[in-house]
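Summary of structural features
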Amino acid sequence: MQTVSENACFGGVQGVYSHASDACGCDMTFGLYLPPAAKDGPVPVLWYLSGLTCTHENAMTKAAAQGFAAEAGMAVVFPDTSPRGDSVADDDAYDLGKGAGFYVNATQDPWAPHFKMWDYVADELPALLGAEFAVDLDRQAITGHSMGGHGALTLAMAHPGRFASVSAFAPIANPSQSDWGRKQLGAYLGADESTWAKHDATVQMLEVGFDGPVLVDQGASDQFLELLKPEALSHAMAARRQDGVFRMQKGYDHSYFFVSTFIPDHIAFHADALGL
């Protein structure tokens, strides 16, 4: 593992690190904020999964999470959204290939050799964090924005007992029924739609739900509402009687202005679930 940068931030350290990834078969970069409390021992960790076109840097610099995380005493990890490098397959469209890993393990060419973001986020990166940093992997929570909200919800429901809580900002809520999903799941996983179900938050909410509290915020003026399909997830949460809250936020769009407005609520939500 290589240290790319480390900066003092709210009494803690905002770091950027790179490492050779076995899961993705390339070098990967991630951001990690360690609060002041990490100087005294391992702290809980909040995963923040980013959306289409993003790298580790977008949320790290725009979500305004660090000050609230410092106050709560939790680390925040900002993984990249896809594999990177000259040997990694890509597409001319912004919503496929680099920057658009969709948090799945691709099985189809040309994506299969590198696009293993499910394994990377679920297994490889947590193991690295636990070995190298003062984080307590027995106390984890997860959130994300847009494509990252999709990833956060599906990973949380697929790993019962791992995350104390899950939240999402404007998640791609029903990708198997949306152009933000059918295109990517078909490309990465193939035409058999039965393989897509694990990666559709609405389907998983109806089938298994989440074993903890859920918080979802959606901007009512989001320019991508028809692609995100928030009503599908809201209905699924109600049908499941899921412990959770789904909030439509009047006037807010899909941008990081929306995320940064409500990040204090989400960090407080996760801090409460983590017993902080």
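Everything here concerns the structure above.
Quick look at the structure, then. Every chain is numbered independently, its residues counted from 1 as its sequence is written. Owing to the predicted nature of the model, reporting of local features is limited to residues with pLDDT of at least 70; listing and counting of side-chain atom pairs is limited to 80 or more, with chain, interface and lining totals taken over all residues. Only heavy atoms go into the side-chain values, all of them from the structure, while hydrogens and water stay out.

1. So, the side chain of serine 50
Numbered from the N terminus, helices here are DSSP runs of H or I no shorter than four residues, and strands are runs of E no shorter than two. Tracing the backbone through its elements, the reader meets serine 50 in the loop between strand 4 (43–49) and helix 1 (57–62). Setting aside its immediate chain neighbours within four residues, serine 50 contacts Thr55, Ala59, Thr81, Tyr103, His145, Met147, Gly148 and Tyr256. Here, residues are in contact when the closest pair of their heavy atoms is within 4.5 Å.

2. Topic: the sheet that holds strand 1 (residues 2–9)
Any two strands with at least two DSSP bridges between them are considered paired. Taken in spatial order, the nine strands line up as 1-2-3-5-4-6-7-8-9 in an open sheet, and their pairing is mixed. Either end of the sheet is taken by a strand with one partner, and the two such strands are strand 1 and strand 9 (244–249). Across the sheet, the axes of successive neighbouring strands diverge by a mean angle of 20°, strand direction being ignored. Pairing of strand 4 with strand 6 (residues 135–144), which is carried by six bridges, proceeds in the parallel orientation. Each residue of the ladder has a partner; that of valine 45, found in strand 6, is glutamine 140. Lying on the sheet, helix 8 (residues 230–240) is in contact with strand 8 (214–219) and strand 9; it crosses strand 9 at an angle near 150°. Only the stretch in contact is used when a helix axis is fitted, and all axes are lines through C-alpha atoms; the angle between N-to-C directions ranges over 0 to 180 degrees.

3. Overview of helix 5 (residues 179–189)
Here's how the labels work: a residue is buried when its accessible area is under 20% of the maximum for its type, exposed when over 50%, partly exposed in between, all with a 1.4 Å probe on protein chains only. Along helix 5, the positions that sit buried rather than exposed are Trp180, Gly181, Gln184, Leu185, Tyr188 and Leu189. The buried residues of helix 5 occupy an angular sector of 100° when the element is viewed end-on, so they sit on one face. In this structure, the buried side of helix 5 is in contact with helix 7 (225–228). In protein, a polar contact requires one atom able to donate a hydrogen and another able to accept it; more generally it is a pair of N or O atoms within 3.5 Å, and residues adjacent in sequence count only if both atoms are side-chain atoms. Where helix 5 begins, the side chain of serine 178 points an oxygen toward the backbone nitrogen of tryptophan 180, at a separation of 3.0 Å. One or two positions beyond helix 5, positive phi appears at glycine 190, with a value near 100°. Our arc is simply the arc of the directions from the helix axis toward the C-beta atoms.

4. Describing the pattern of salt bridges
Salt bridges are counted wherever a side-chain nitrogen of Lys or Arg sits within 4 Å of a carboxyl oxygen of Asp or Glu. All told, the structure shown has six salt bridges when counted by the stated rule. For arginine 84, the salt bridge goes to aspartate 80, with nearest N and O atoms at 2.9 Å. Judged by relative accessible area, which is 4%, aspartate 80 ranks as buried. Across the pair arginine 247 and aspartate 265 runs a salt bridge whose closest N-O atoms are separated by 3.0 Å. With a gap of 18 residues between them, arginine 247 in strand 9 and aspartate 265 in helix 9 (residues 256–273) connect regions that are remote in the sequence. We classify arginine 247 as partly exposed; its relative accessible area is 25%. The class for aspartate 265 is partly exposed, based on a relative accessible area of 35%. Members of the salt-bridge network, linked through shared partners, are Asp217, Arg247 and Asp265.

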